[in-house]
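Fold and geometry: a report
Now for the letters of each chain:
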Amino acid sequence: RMLIPNFSGDWVVSSVEGDFFGFLAAVGLSWPIRTAARAINFGVGRSRTSIQQEGTRLVSRTNSPLGERTTEFVIGGGPQRFPALLPSPADAVWLATPTWDPATGAVCIVDPKVVEGTGVGQVGPTIRRYLSPGGMVLEQVYKGITVRLSYTQTSGPPATVDTLPRGMAGLWVLARAEGDQEGLL
């Protein structure tokens, strides 16, 4: 059996890493918005994400100083349209193919393209979401700038590992496991 992480739960940003000011400039946010974001430490302790995951279906509701956004997609479900993740403009809709990264077990959205709203035709940041020993990490790369938001789980069942649905063969790496693992494989 294959194993995949389950990100279900409520999360709060606990730390940020990388040139966030430069990243926000690269994705097109104005100087006043970038300055305000820096003044509140880019959402540490304020930005919250609630994730519901059932198998490969993931619904993410984010509430941050930059706004609120709900995104829903099926990992491995082919090209899909969904609201662009923050900090993209509120009316932007991406077309992308969410996948599992076989090397890390991360959920990946590579080169999402804006197909509706502000910035049609532009390519957004590559995104990886994965579990780490301290919680969850959301990594974004755009125009050579890499930023990471580390999250701490605040409620819900502990983020764990589920079995991969049939038909999704490949090499998978377990990002984090808890409890008695004997008999899982």
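Scroll up to find the structure.
Report on the accompanying structure. (Residues numbered from 1 in each chain as written. Predicted model: local features only at pLDDT ≥ 70, side-chain atom pairs only at ≥ 80, totals over all residues. Heavy atoms only, no water.)

**Notes on the overall build of the chain**
The condition is simple: Under the scheme used here, helices are H or I runs from DSSP no shorter than 4 residues and strands are E runs no shorter than 2 residues, and both carry numbers assigned from the N terminus. Residue exposure (1.4 Å probe, protein chains only): buried if accessible area is under 20% of the type maximum, exposed if over 50%, otherwise partly exposed. A contact between two residues is defined here by any heavy atoms of the two lying within 4.5 Å.
Scanning the chain from N- to C-terminus turns up two helices and 14 strands. Burial analysis of the chain (185 residues in total) assigns 43% to the buried set. Across the chain, the fraction of contacts at a sequence separation of at least 24, relative to all contacts at a separation of at least 6, is 49%.

**Description of the packing of aromatic side chains**
Using the following cut-off: Pairing of aromatic rings covers Phe, Tyr and Trp, the last through its six-membered ring, and needs centres within 6.5 Å; plane angles under 30 degrees mean stacked, over 60 mean edge-to-face, and all others mean tilted.
Enumeration according to the criterion identifies four aromatic pairs in this entry. Where F20 meets F23, the ring centres are 6.2 Å apart and the plane angle is 65 degrees; that geometry is what we call edge-to-face. Remark: F23 and F20 occur in helix α1 (residues 20-26); sequence separation between them is three residues, near one turn of the helix. Taken individually, F20 and F23 each receive the classification buried, so the pair is uniform in this respect. Ring centres of F20 and F42 lie 5.3 Å apart, and the angle between their planes is 35 degrees; this geometry places the pair in the tilted category. Taken together, the positions of F20 in helix α1 and F42 in the loop between α2 (31-39) and β3 (48-54) put the pair 22 residues apart, joining distant regions of the chain.

**Topic: the sheet that holds strand β6 (residues 80-83)**
Inclusion rule: Whether two strands pair comes down to DSSP finding at least two bridges between them. Angles shown run from 0 to 180 degrees and are taken between the N-to-C directions of axes, each axis being a line fitted to C-alpha atoms and, for helices, limited to the stretch in contact.
Taking strand neighbours across the sheet as the criterion, the three strands line up as β6-β7-β10 in an open arrangement whose pairing is antiparallel. Looking at which strands have only one partner, the edges of the open sheet turn out to be β6 and β10 (113-116). In this sheet, adjacent strand axes meet at a mean angle of 40 degrees when their direction is disregarded. Bridge analysis of strand β7 (residues 93-96) against β10 gives three bridges, and the strand direction is antiparallel. The residue bridging V93 from the neighbouring strand is E116, located in β10.

**Thoughts on unusual backbone geometry**
For residues besides glycine, phi is generally negative; the peptide bonds are generally trans as well. A positive phi angle, near 55 degrees, is found at N41, a position not held by glycine. Inspection of the secondary structure puts N41 in the loop between α2 and β3. Unlike most non-glycine residues, K143 shows phi in positive territory, near 50 degrees. Mapped onto the elements of the fold, K143 is located in the loop between β12 (135-142) and β13 (145-155).

**Comments concerning the pattern of salt bridges**
Using the following cut-off: We define a salt bridge as a contact between a side-chain nitrogen of Lys or Arg and a carboxyl oxygen of Asp or Glu at a distance within 4 Å.
Taken as a whole and assessed by the stated rule, the structure comprises six salt bridges. With its nearest N and O atoms 3.1 Å apart, the salt bridge here joins E17 to R148. Placement of the pair is E17 in strand β2 (residues 9-18) and R148 in strand β13, with a sequence separation of 131 residues. Assessed through its relative accessible area of 44%, E17 is described here as partly exposed.

**Notes on the nonpolar core**
Spelled out, the test is: Throughout this description, the term nonpolar core refers to a set of buried Ala, Val, Leu, Ile, Met, Phe, Trp, Tyr and Cys residues connected via side-chain atoms within 4.5 Å.
Core analysis: the largest hydrophobic core is formed by 36 residues, its most contacted members being F7, W11, F73, W94, M136 and Y151. Going through the elements one at a time, β2, α1, β7, β9 (107-109), β11 (126-132), β12 and β13 are the ones with two or more residues in this core. Element by element, the count of residues in this core is highest for α1, at five residues. Look past the residues within four positions of F7 in its chain and what remains in contact with it is I51, Q53, L58, W100, V107, R129, Y130, L131 and M136.

**Let's talk about empty space enclosed by the protein**
Which entries qualify depends on this criterion: Cavities and pockets are defined on a 1 Å grid built over the protein atoms alone: a cavity is a set of grid points where a 1.4 Å probe fits but cannot escape, while a pocket is an open set with protein on both sides within 12 Å along at least five of seven lines, and lining residues are those with an atom within 4 Å of any such point. Grid points are joined across faces, edges and corners, and a volume is the space filled by probe spheres set on the points. Residue polarity is assigned by list, with Asp, Glu, Lys and Arg as charged and Ala, Val, Leu, Ile, Met, Phe, Trp, Tyr, Cys and Pro as nonpolar; anything else, Gly included, falls into the polar class.
Counted by the stated rule, this structure contains two cavities of 30 Å³ or more. By volume, the second largest cavity is sized at about 60 Å³. L58, S60, F73, L85, V107, I109, I127, R129 and L138 are the residues that line the second largest cavity. Mapped by element, the contributors of at least two residues to the lining of the second largest cavity are β4 (57-64), β9 and β11. Per-class residue counts for the lining of the second largest cavity are seven nonpolar, one polar and one charged.

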